[in-house]
Amino acid sequence: LLTLLVGQERILRSADRVWAVSQPMVELYEGRYGTRVHWLPHTIHIDRYSCKTASHSGRIVFTGSIYGAQLDALQRLARILRSSDLPDPSLELALYSDIDESTLQRFGLCGPRVVHDCVPSDQIPDVLAMGHVLFLPFSFRPEQLHIVSTSLPTKVPEYLASGIPILVHAPAYSTVARYAHDEGWGLVVDTPDEGDLRDGLTRIMRDAQLRAGLSESAIRCARMNHDSVRITRRFQQAFEGTRWQ
């Protein structure tokens, strides 16, 4: 590990320009190595999502891989959906992931209110449009702290561009919670408490004014920070020696 860190320090200090995948990672590298680091966001083709607005009432959508960095937060939502005091009897969790059914059962991510499917990446805009709420979880477990505090899931730009309201269930120090707070695009539940998560879910399902504000902020953030045309232009300018804007 020491050899790896020394090698990383040499590379970063000798580089003409350094990019990182999240703002917290930028802060980490700048503090650790004393070198200037720039944020290079994940990008998407915004126009693929511009007309996807037909949400389905009661459907909570999650897309992507399921492993330690999301698992406990997803399990908490699944337990709420199995409880007898649901905020809405029509609620269901739709998992779009390539994980197999036996693993989902072992994880406890199954039941009458949990559906599972796997679709090609080009169908993700349509999948997101079928959601009433998009669920963005990150782990509260101490052993996942480094991952959730520095990495930014590639699904975030897709969620933002869809315009569907986003419920973030993640610790306050996580990249997704910080980003949602800073830009106003998600309702954040930053405690590992089922009651708090249930309250947040009820609010984002029912509060029309909140939903409209989250959607507007999400689309604006997607266009400013994740549009492939805009970010590619900035990246090219950096290599050409022009000012990063």
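So, a few notes on the structure that sits alongside this text. This is a predicted model, so every value here is computed, not measured.

Take the packing of aromatic side chains next. In total, this model carries three aromatic pairs according to the counting rule given. Relative to Tyr179, the ring of Trp39 has its centre 5.7 Å away and its plane inclined at 90°; by these criteria the two rings are edge-to-face. A residue pair is termed long-range when its members are at least 10 positions apart, and Trp39 in strand 2 (residues 38-39) and Tyr179 in helix 8 (residues 175-183) qualify at 140 residues. Within the aromatic cluster, the residues linked to one another by ring pairs are Trp39, Tyr179 and Trp185.

Each full turn of the α-helix corresponds to 3.6 residues, which orients residues three or four apart in the same direction. Here helix 10 (residues 208-225) is 18 residues long and its end C-alpha atoms lie 26 Å apart, about the 26 Å a rise of 1.5 Å per residue gives. Within helix 10, the full set of buried residues consists of Leu210, Arg211, Leu214, Ser215, Ser217, Ala218, Cys221, Ala222 and Asn225. The N-terminus of helix 10 is capped by Asp207, whose side-chain oxygen sits 3.2 Å from the backbone nitrogen of Gln209.

What follows concerns the pairing of strand 5 (residues 114-117). In this structure, strand 4 (residues 92-96) lies alongside strand 5, joined through four bridges in parallel fashion. When the sheet's bridge partners are listed, Tyr96 is paired in strand 5 with Asp117. For the crossover from strand 4 across helix 4 (residues 101-107) to strand 5, the handedness is right-handed.

Most of helix 7 (residues 155-162) is tucked away, with eight of its eight residues classed as buried. Every buried residue of helix 7 is accounted for by Lys155, Val156, Pro157, Glu158, Tyr159, Leu160, Ala161 and Ser162. For helix 7, the elements touching its buried residues are strand 3 (59-63), helix 5 (124-129), strand 6 (133-137), strand 7 (166-169), helix 8 and helix 10. Following helix 7 by one or two positions, Gly163 has its phi on the positive side, about 80°.

A word on the pattern of salt bridges. Under the criterion given, the structure shown has five salt bridges. Its salt-bridge partner being Glu194, residue Arg79 comes within 2.6 Å of it at the nearest N-O pair. Here Arg79, found in helix 3 (residues 71-82), pairs with Glu194, found in helix 9 (residues 194-206); they are 115 residues apart in sequence, far enough to count as distant. When its relative accessible area of 34% is taken as the criterion, Arg79 is described as partly exposed.

This brings us to a negative patch on the surface. A surface patch of like charges, here negative, comprises Asp190, Asp193, Asp196 and Asp199. Note that Asp190 resides in the loop between strand 8 (186-189) and helix 9.

Here we come to the packing of helix 9 against helix 10. At a minimum axis distance of 6 Å, the contact between helix 9 and helix 10 shows a crossing angle of 85°. The angle between helix 9 and helix 10 falls in the class roughly perpendicular. For the pair helix 9 and helix 10, contact is made by Arg203, Ile204, Met205 and Arg206 and by Ala208, Leu210, Arg211 and Leu214, respectively. Taken together, the residues of the contact of helix 9 with helix 10 break down into five nonpolar, no polar and three charged.

To continue, consider the side chain of Glu158. Along the chain, the position of Glu158 falls in helix 7. Of the side chains with opposite charge, Arg48 lies nearest to the buried Glu158, which makes no salt bridge, at 5.6 Å.

Our focus in this paragraph is the environment of Ser65. By secondary structure assignment, the location of Ser65 is in the loop between strand 3 and helix 3. Separated by 33 residues in the primary sequence, Ser65 and Asp98 place their C-alpha atoms 6.9 Å from one another. Among residues more than four places away in sequence, those in contact with Ser65 are Gln70 and Ser97.

Of all five residues in strand 6, five are buried; the element is thus mostly enclosed. Taking every second residue as pointing to the same face, both faces of strand 6 are buried, with Val133, Phe135 and Pro137 on one and Leu134 and Leu136 on the other. Pairing analysis gives two bridges linking strand 3 to strand 6, with the strands arranged parallel. From the neighbouring strand, Val61 faces strand 6, where its bridge partner is Leu134.

About the cut-offs
- Residues numbered from 1 in each chain as written.
- Predicted model: local features only at pLDDT ≥ 70, side-chain atom pairs only at ≥ 80, totals over all residues.
- Heavy atoms only, no water.
- Phe/Tyr/Trp six-rings, centres within 6.5 Å; stacked < 30°, edge-to-face > 60°.
- Helix = DSSP H or I, 4+ residues; strand = E, 2+ residues; numbered from the N terminus.
- Expected span 1.5 Å × (residues − 1).
- Buried < 20%, exposed > 50% of the residue type's maximum accessible area, 1.4 Å probe, protein only.
- Polar contact = N/O pair within 3.5 Å; in protein donor to acceptor, adjacent residues only side chain to side chain.
- Pairing = 2+ DSSP bridges.
- Right-handed = clockwise from strand over helix to strand, strands pointing away.
- Contact = heavy atoms within 4.5 Å.
- Salt bridge = Lys/Arg side-chain N within 4 Å of Asp/Glu carboxyl O.
- Patch = residues over 30% accessible without salt bridge, like charges linked within 9 Å, V, L, I, M, F, W, Y side chains within 5 Å.
- Areas by Shrake-Rupley, 256 points an atom, 1.4 Å probe, with all protein chains shown as cover.
- Lys, Arg positive; Asp, Glu negative; His and termini not counted.
- Charge placed at Lys NZ, Arg CZ, Asp CG, Glu CD.
- Axes fitted to C-alpha atoms, helices over the stretch in contact; angles between N-to-C directions.
- Parallel < 35°, antiparallel > 145°, perpendicular 65-115°, else oblique.
- Nonpolar A, V, L, I, M, F, W, Y, C, P; charged D, E, K, R; others polar.

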